Amino acid sequence: MSINQHILHFSLPPFVAEEPDLSRLVVSNVTSDRFSLSWRTGEKAFDNFIVEVRESALPSQAMGRALPGDARSTVMAGLKARTSYNIKLYASAGGQNMQPLFDVATTEDVPQLGPIAASSVSPHNLSLSWSAVSGHFDGFVVRVSDPEQQSDTLEFRLPGEARNFTISNLMDATGYDIELYGISHGRHTPSVLAHAVTGTTYFTHVSNSRLL
């Protein structure tokens, strides 16, 4: 007697992991005085969120912010430069507190330019060079104007890695006012100012303007 063996073939539905109620606290857009926070949630409705930020070296000093239940991001501003912060995100749903999320972030240095040096490499050119003392730079802007207004103001936009630039097609034996400022995370840094005369090397100095 033979026995017919039947093999049943079936497939299980794919396993789909449920999104945790509260997850993935992400720190981004870190600058010298602020950073952005974002997080993810599952299908649960939340009553509210509370963000708590403390200096790692001074945990007794904290700043907090209460947010509505539909918030998924915020920006924490007014922070100290080059400082480590401990971050906690608390959440409440259905009147119950949930397990908080944690992260650590360190703010950047304040972007600061060193003095600018201007020298004439020919009767019609000026060569500029500068240094970045601290901080991050996305780019630089050079503005060149003639105090006697014999020509239009020139403006040049340079990449963040630039540390020198040559301005061409200038008038011979003419004084020019030069302004250099950096752009860091969309904001202007304090300017560095100089006055140079084509054909000579001139003294330069740093202005006292603030970060805009």
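That block above? That's the structure.
Everything in this summary refers to the structure shown in the same document. (Residues numbered from 1 in each chain as written. Predicted model: local features only at pLDDT ≥ 70, side-chain atom pairs only at ≥ 80, totals over all residues. Heavy atoms only, no water.)

## Some thoughts on the pairing of strand S4 (residues 62–68)
Piece 1. The sheet contact formed by strand S3 (residues 48–55) and S4 spans seven bridges and is antiparallel. In the strand pairing of S4, arginine 54 is matched with alanine 62.
Piece 2. The turn linking S3 back onto S4 is made up of six residues. (Pairing = 2+ DSSP bridges. Helix = DSSP H or I, 4+ residues; strand = E, 2+ residues; numbered from the N terminus.)

## A closer look at the environment of serine 23
Piece 1. Looking at where serine 23 falls in the secondary structure, it is placed in strand S1 (residues 22–28).
Piece 2. Through-space distance from the C-alpha of serine 23 to that of phenylalanine 102 is 10.0 Å; in sequence the pair is 79 residues apart.
Piece 3. Sequence-distant contacts of serine 23, that is, excluding residues within four places in its chain, are made with Trp39, Arg40 and Leu101. (Contact = heavy atoms within 4.5 Å.)

## Looking at the packing of aromatic side chains
Piece 1. Applying the stated criterion across every chain yields a total of six aromatic pairs.
Piece 2. Measuring from centroid to centroid gives 6.3 Å for phenylalanine 35 and tyrosine 85, while their planes differ by 70 degrees, and the two rings are edge-to-face. On the criterion of sequence distance, the pair formed by phenylalanine 35 in strand S2 (residues 34–41) and tyrosine 85 in strand S6 (residues 84–93) is long-range, its members being 50 residues apart.
Piece 3. On the basis of relative accessibility, which here comes to 0%, the residue phenylalanine 35 falls in the buried class.
Piece 4. For tyrosine 85, a relative accessible area of 4% translates into the label buried.
Piece 5. On the numbers, 5.1 Å between centres and 25 degrees between planes, the contact of phenylalanine 137 with phenylalanine 140 is stacked.
Piece 6. The class of phenylalanine 140 is buried, set by a relative accessible area of 1%. (Phe/Tyr/Trp six-rings, centres within 6.5 Å; stacked < 30°, edge-to-face > 60°. Buried < 20%, exposed > 50% of the residue type's maximum accessible area, 1.4 Å probe, protein only.)

It is worth stressing that arrangement in space is one thing and function is another; only the former is reported here.
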